[in-house]
Structure formats: C-alpha cells, structure tokens
Number of protein chains: 2
Amino acid sequence: MTKKNDALSRLIQALCALPNVGPKTAQRMAHTLLQQKRAQAAELADALSQALKLVRHCRSCHTFCEGELCTICADERRDRKRLMIVQMPADISAMEAARCHDGLYFVLMGQVNPVQDMGLEHIALNELIQRLQQSDVEEIIIATSFTAEGDATAYILIELLKDLPYKISRLAKGIPLGADLEYVDAGTLAEAVYRRSKARE
Amino acid sequence: MTKKNDALSRLIQALCALPNVGPKTAQRMAHTLLQQKRAQAAELADALSQALKLVRHCRSCHTFCEGELCTICADERRDRKRLMIVQMPADISAMEAARCHDGLYFVLMGQVNPVQDMGLEHIALNELIQRLQQSDVEEIIIATSFTAEGDATAYILIELLKDLPYKISRLAKGIPLGADLEYVDAGTLAEAVYRRSKARE
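Conventions and cut-offs
- Residues numbered from 1 in each chain as written.
- Chains lettered and ligands numbered in written order.
- Predicted model: local features only at pLDDT ≥ 70, side-chain atom pairs only at ≥ 80, totals over all residues.
- Heavy atoms only, no water.
- Salt bridge = Lys/Arg side-chain N within 4 Å of Asp/Glu carboxyl O.
- Buried < 20%, exposed > 50% of the residue type's maximum accessible area, 1.4 Å probe, protein only.
- Helix = DSSP H or I, 4+ residues; strand = E, 2+ residues; numbered from the N terminus.
- Polar contact = N/O pair within 3.5 Å; in protein donor to acceptor, adjacent residues only side chain to side chain.
- Contact = heavy atoms within 4.5 Å.
- Domains from an automatic or database assignment.

**Things to note about the pattern of salt bridges**
Inference 1: Using the criterion set out here, one finds 24 salt bridges over all chains in the structure.
Inference 2: Notably, a salt bridge pairs Asp75(B) with Arg77(B), separated by 3.1 Å at the nearest N-O pair.
Inference 3: Classification of Arg77(B) as exposed rests on a relative accessible area of 73%.
Inference 4: Of the charged contacts in the structure, one is a salt bridge between Lys173(B) and Glu191(B), with a shortest N-O distance of 3.4 Å. Taken as a pair, Lys173(B) in the loop between β6 (167-170) and α8 (186-194) and Glu191(B) in helix α8 lie far apart in primary sequence, 18 residues in all.
Inference 5: The exposure class of Lys173(B) is partly exposed, given its relative accessible area of 28%.
Inference 6: It is possible to trace a salt-bridge network through shared partners that takes in Arg10(A), Glu43(B) and Asp46(B).

So this is what it looks like as structure tokens:
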C-alpha cells in the first residue's frame, strides 16, 4: 500500500497523540479531514499552532489562559479565602456551571497514578506551594475524583497540607441526583449507606 | 470563564470538526495536547498542513496518494480486468490485509444516505465513469457495506452499470468467521439461512 513516511501516514500517526485515538480512528479522522472538511482541517492546523504559541498558565491558579491571570483569578468579587483544588480545567467549567463555589481554584493539571508509575511530577505541586505562600486562603476544598488516581492525588495533597493551618475538606461521596438506585454501583451504595444523614434534625 | 474567541476556545471548536468528537471530548483533547503533548501537538499541526498540501487523489482509483498514481494502480502485477469498488481508502487496507483481491480498486470516497439527504454528490460517480471509459475492466465487484447507506450506494452503482457489459457482483452476506451464533443479529442469521450453501456437492 502506501509508504509509512508519506504525508497521509504521518498525519495518521500524529492524530494518534489525541487521547483515546488509536490507528483505526486516526485513519478515519484523517480521511474525513482531507476529503470532506479541508477548510476545517486548515483551521484546526492553524488553531493548534496558535494555541501552542498563546496559551499559558494562569500565574495564580495554574489553569490555561492567555494573559497573566485568568478571568476567575482576576475577578475581585470571588472569595479569596476559599480555594478549591481540581485536577483539570474542565473541572472548573463544571463547577462554574453548578454555581456552587464562589472562591478561587487551583488546577493540578493532572493526577498521580502509582500503578502506571505517574508520580508527583504529573501534578503542579510546586506551583500549589508557591500559590499558598502568597495568599489569604483559609479553607481548602480538595475536589479530585473518587477514582484510584483521584484518591491517590487527594492523599498526597492531604499529606502535604497536614501541618499547615488550613481547614481542609473533600467533596461528599454519595448517590448522584437523578440516578436510579439499581444502576448505582455497589461501592457508591455502600458509601451512601455508611454516610447516611439524619432525615430529621 | 474564558472568552469564546480566545486561542483555547478556538482550538476546542476546531477539534470538533473531527468525526465523533463533541465539545467535551474536544476540550479534553485540547487540554492533553497543550499540557502533556506539546511536541506531538506541534507535529500534528505541521502534519495536517503538509497533508493538506501534498495529499491528492490517485488519477486512476481516486484513493488518497501523493503522486499521479497510487502504488496499487501503478503495480503492473495487479489484474486489470477485475475492479473492486469500495467506499473508503480504509476498505482497501482491510482488503489488502486479507490478500483476497489481486485486481484494482476504485474508491467512492463516501456513500449516499437518502435519509440524511446525502445524494450522488457524496460519491465520486463522475470519476468512476471516467475510470471505466479508459480501462480493460471486465468484472466489477461492489464492496460497499451491508448498511442502509452501503445498500443505497450499491443500488445506485448497479443502476448506473446495468446496461454496460460488465460482470457485476456484491460481497457475500452471512455469518462472520469466529462469531458465536448467539451474538449474531437476527437479520444476518436470516440472510445466512436463506443463502445457505450445500455442505456436500
């Protein structure tokens, strides 16, 4: 068939860098881009080059932004005493959509995964320590996922912060709203029973 | 949060041009590229620009290639009397891996879908007619999928070719090798019973 160093093969290999994209999906993506979506493909190539040039980390919360400070950190109305630590910028979007946190954020930009040998270098610990040294933070909410990686990450944060004078909490575990109990996994059910709250005070 | 015309939002929107990629997946892709895979991201932007410049259609079979003719069409050893019509270049890869066709191919680069109003302009019919006018083809194998779109595409091809002196066939329908009958869908089972072949001649 085609040589492995031609432009199409090179594009297919490059697309495999995208998360959850294997050779078959990459092949399909390449064909779609080159056949039906040439204008969008040119826009993608340019947008990617531009983003690599322009996007950097917020000096305060470490999320992606183009200036020195992201819009949330620059917003004077946010409560500077409460800091929520999340794994990824997408978690900020989710939290902001829920309108349940008016404090600031810090984005770890990753998680640790002892099983896959992803250690402390995968989270922005140094940036977090720097951030805490120059701030009015009183309460820290650790908002990592309840997965093996999220738990390991939370454990590291709790160890790091244990001798510091912050009020530290994690998100509540339990049944998500709108879920039928029969489809909730056993671990979550067990946590929800164990952490049950009084129906009447 | 972030403005909608910043570099990150633009990248996320551009990634949505990829097949089966919605805003959530695009956001995750953008974050991964900018955080952990900057070198691969730069390579992707360049590979995409290069492919848009270099990749064109084979003059004979209409698949993607960089020169005038793809390697299969240029190969003197292929049987020029048998032409297999496939939907996408990926189908050629699959057929070549199976080593069951030593003729040539023609790639439609799409399919028709009457339900989604995707008509004849979505397949390379003009190129196919041109191709047949200047060739020694005697037999045509229509190798479209057995989906609504593949069937509609095959129907159009059969109509187009019906008054021409070619031997025309489609791929066989039936149970795939290695499949447990209990997991085979009812339509395939029915076709397999209807098209059963003698166990002993």
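Back to the write-up after that little detour.
**Notes on the side chain of Thr188(B)**
Residue and element names in this part refer to chain B.
Inference 1: Tracing the backbone through its elements, the reader meets Thr188 in helix α8.
Inference 2: Within the structure, the side chain of Thr188 is placed 2.5 Å from the side chain of Asp185, a separation counted as a polar contact.
Inference 3: The contacts of Thr188, once residues within four sequence positions are left out, are Gly174 and Ile175.

**Examining the domain arrangement of chain A**
Inference 1: According to the domain assignment, chain A contains domain 1 (7-54) and domain 2 (57-198).
Inference 2: The distance between the C-alpha centroids of domain 1 of chain A and domain 2 of chain A comes to 32 Å.

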